[in-house]
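# Observations on the model geometry
Residue-level listing of the chains:
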Amino acid sequence: MPPPLRLNAVAFISPQNHPILIRTFQKGDELKYHYIAHTSLDVIEERTNGPTKSNECYLGLLYAMDDIAAYGYITPLKVKIVLALPLTDSVVRDAEVIMTFKALHLAYYHASSNPFLRLYNTPASVGSAKWKCFRQKVDEISRAVGGMNVPS
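The structure displayed is predicted, hence computed values, not measured ones.

Rules used in this analysis
- Residues numbered from 1 in each chain as written.
- Predicted model: local features only at pLDDT ≥ 70, side-chain atom pairs only at ≥ 80, totals over all residues.
- Heavy atoms only, no water.
- Helix = DSSP H or I, 4+ residues; strand = E, 2+ residues; numbered from the N terminus.
- Expected span 1.5 Å × (residues − 1).
- Buried < 20%, exposed > 50% of the residue type's maximum accessible area, 1.4 Å probe, protein only.
- Arc of directions from axis to C-beta.
- Pairing = 2+ DSSP bridges.
- Axes fitted to C-alpha atoms, helices over the stretch in contact; angles between N-to-C directions.
- Contact = heavy atoms within 4.5 Å.
- Phe/Tyr/Trp six-rings, centres within 6.5 Å; stacked < 30°, edge-to-face > 60°.

### Some remarks on helix H3 (residues 132-146)
Here H3 contains 15 residues, and its C-alpha end-to-end distance of 21 Å stays within 8% of the 21 Å for a straight helix at 1.5 Å per residue. Taken as a whole, H3 has its buried residues at Phe-134, Val-138, Asp-139, Ile-141, Ser-142, Val-145 and Gly-146. Down the axis of H3, the sector holding all buried residues measures 160 degrees, keeping them to one side. Turned more than 90 degrees off the buried face of H3, the exposed positions are Cys-133 and Ala-144.

Shown next, in the form of structure tokens:
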């Protein structure tokens, strides 16, 4: 049986390509995962604006860089979700990645249903108390998927 997925980072990016939330689960690597999220946007744009448009939300493996594999998902409202997983010798099953994306999408959907939450504000507002439940839900999903402790 393959080991469970281990999430290094999750990024939610608005339709206007502004970061909504970039949550890292590795201490000291925040800037690296911001870079991965932004470079993933080029691949996502290429895949969604290409000659063959797909109605599927899951974009699959976007690219692999050093020790990280970036996977992409785009919601029907064009919010992009990027997962950064560590590159390992074990096989990463698409079904597990898709279920993780669907759980993250549902968490975002519930957070965006909150009438008091401003979704497309500056990234500095992500640290506000209004985003606390959303960050906690993302952390819960990370723990459930990888069985790891999530840093605060």
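There is more to say after this.
### Brief notes about the sheet that holds strand S1 (residues 9-13)
Ordered by their spatial adjacency, 5 strands build an open sheet running S2-S1-S5-S4-S3, and the pairing between neighbours is antiparallel. Looking along the sheet, the strands with just one partner apiece sit at the ends: strand S2 (19-24) and strand S3 (58-65). Direction aside, the axes of adjacent strands within the sheet are offset by 15 degrees on average. Here 5 bridges tie S1 to S2, and the two strands are oriented antiparallel to one another. Bridge pairing in S2 places Ile-13 opposite Pro-19. Running at roughly 135 degrees to strand S5 (residues 80-86), helix H2 (residues 94-112) makes contact with S1, S2, S3, strand S4 (68-74) and S5 of the sheet. Against the sheet, H3 touches S1 and S2, its axis set at about 45 degrees to S2.

### Observations concerning the packing of aromatic side chains
Any pair of aromatic rings gets described here by the distance separating the centres and the angle formed by the planes. Considering all chains together, one arrives at 5 aromatic pairs under this definition. Ring geometry for Tyr-58 against Phe-101: centres 6.0 Å apart, planes inclined by 55 degrees, an arrangement best described as tilted. A residue pair is termed long-range when its members are at least 10 positions apart, and Tyr-58 in strand S3 and Phe-101 in helix H2 qualify at 43 residues. Phe-101 shares its class with Tyr-58; the two are buried. Centroid distance Tyr-108 to Phe-134: 6.0 Å. Interplanar angle 65 degrees. Geometry classified as edge-to-face. In this pair, Tyr-108 is assigned in helix H2 and Phe-134 in helix H3, connecting sequence segments 26 residues apart. Of the two residues, Tyr-108 and Phe-134, neither departs from the other in class, the shared state being buried. An aromatic cluster is defined as three or more aromatic residues linked by ring pairs; in this entry it consists of Phe-12, Tyr-108 and Phe-134.

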